[in-house]
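Structural description and commentary
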Amino acid sequence: MRITIACPEALKDAANHYAMAVGASQADQLTFHPVLYEDGSGNRFACASLPIRTSLLTKAQSTLVRPAWDTGNIINMADAVAAQNVLVLVSDEDAEITATTTSITALIGDDGPAMITRMGLAPIEEDLE
């Protein structure tokens, strides 16, 4: 199974703490970096698309616990919980869903780029002037 996640730029730091809390290591702090997508209004988003197991999906929706690897308290657990609280997870591939600036939107589906497009996002076009 694949999950594709859109995170508004303003929630990026909290979302990265959440990614570390449910992930495997400190390297997960770069999950939502860089910001490469935008919606039709110019709001910017970082996106991630990765294969996951059902167990990780369950962990991501359960009460967060500091992982054993985080002996130095790198994770800001309050930020991780705040990000988890604004997570919108959609597993119905036919559901209408749009990324918003107030939530972290996650879609289950095999085609990551198509899921990003379904959320109303497109790559940021650089101004080359």
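Described below are features of the structure shown in this document. (Residues numbered from 1 in each chain as written. Predicted model: local features only at pLDDT ≥ 70, side-chain atom pairs only at ≥ 80, totals over all residues. Heavy atoms only, no water.)

**Details of helix α3 (residues 77–85)**
- Among the residues making up α3, those that are buried are Met77, Ala80, Ala83 and Gln84. Projected down its long axis, α3 shows its buried positions confined to an angular sector of 120°, all on one face. Residues Ala78 and Asn85 are exposed on α3 and point more than 90 degrees away from its buried face.
- With a side-chain oxygen positioned 3.1 Å from the backbone nitrogen of alanine 78, the residue opening α3 is asparagine 76. (Buried < 20%, exposed > 50% of the residue type's maximum accessible area, 1.4 Å probe, protein only. Helix = DSSP H or I, 4+ residues; strand = E, 2+ residues; numbered from the N terminus. Arc of directions from axis to C-beta. Polar contact = N/O pair within 3.5 Å; in protein donor to acceptor, adjacent residues only side chain to side chain.)

**A short note on the packing of helix α1 (residues 12–22) against α3**
- Two numbers describe how α1 lies on α3: the axes approach to 7 Å, and their chain directions differ by 100°. Our classification of the angle between α1 and α3 gives roughly perpendicular. Taken together, the residues of α3 that come into contact with α1 (itself represented by Ala14, Ala15, His17, Tyr18 and Ala21) are Met77, Asp79, Ala80, Ala83 and Gln84.
- A class-by-class count of the residues in the contact of α1 with α3 yields seven nonpolar, two polar and one charged. (Axes fitted to C-alpha atoms, helices over the stretch in contact; angles between N-to-C directions. Parallel < 35°, antiparallel > 145°, perpendicular 65-115°, else oblique. Contact = heavy atoms within 4.5 Å. Nonpolar A, V, L, I, M, F, W, Y, C, P; charged D, E, K, R; others polar.)

**Here's the deal with the packing of α1 against helix α2 (residues 54–61)**
- One can describe the packing of α1 onto α2 by two numbers: an axis separation of 10 Å at closest approach and a directional angle of 125°. Our classification of the angle between α1 and α2 gives oblique. In terms of crossing hand, the pair formed by α1 and α2 is right-handed. Packed against α1, whose contacting residues are Tyr18, Ala21 and Val22, the element α2 presents Leu56, Lys59, Ala60 and Gln61 at the interface.
- Within the contact of α1 with α2, the residues separate by chemical class into five nonpolar, one polar and one charged. (Left-handed = near helix turned anticlockwise from the far one by under 90°.)

**A few points about the side chain of glutamine 84**
- If you trace the backbone, glutamine 84 turns up in helix α3.
- From its side chain, glutamine 84 meets the backbone oxygen of alanine 60 in a polar contact 2.8 Å long.
- If near-sequence neighbours (up to four positions away) are discounted, glutamine 84 is found in contact with Tyr18, Ala60, Gln61, Ser62 and Leu64.

**Examining the sheet that holds strand β3 (residues 44–51)**
- Taken in spatial order, the six strands of this open sheet run β4-β5-β1-β3-β2-β6, and their pairing is mixed. Strands with a single pairing partner mark the edges of an open sheet, and in this sheet they are β4 (87–90) and β6 (122–123).
- Bridging between β4 and strand β5 (residues 104–108) involves four bridges; their strand directions are parallel. Following the sheet pairing, leucine 87 is matched in β5 by isoleucine 104. (Pairing = 2+ DSSP bridges.)

**Quick notes on the nonpolar core**
- By size, the foremost hydrophobic cluster in this structure holds 26 residues, and its most contacted members are Ile3, Tyr18, Phe32 and Leu64.
- Contributing elements (two or more residues each) for this core: β1 (2–8), α1, β3, α2, α3 and β5.
- Considering every element that reaches this core, the biggest residue donor is α1, with seven residues.
- Look past the residues within four positions of leucine 64 in its chain and what remains in contact with it is Tyr18, Ala21, Val22, Lys59, Met77, Ala80, Val81 and Gln84. (Core = buried A, V, L, I, M, F, W, Y, C linked by side-chain atoms within 4.5 Å.)

**What about the environment of alanine 114?**
- Residue position: alanine 114 is located in helix α4 (residues 112–118).
- Residue class for alanine 114 comes out partly exposed when judged on its relative accessible area of 29%.
- Through-space distance from the C-alpha of alanine 114 to that of threonine 4 is 9.4 Å; in sequence the pair is 110 residues apart.

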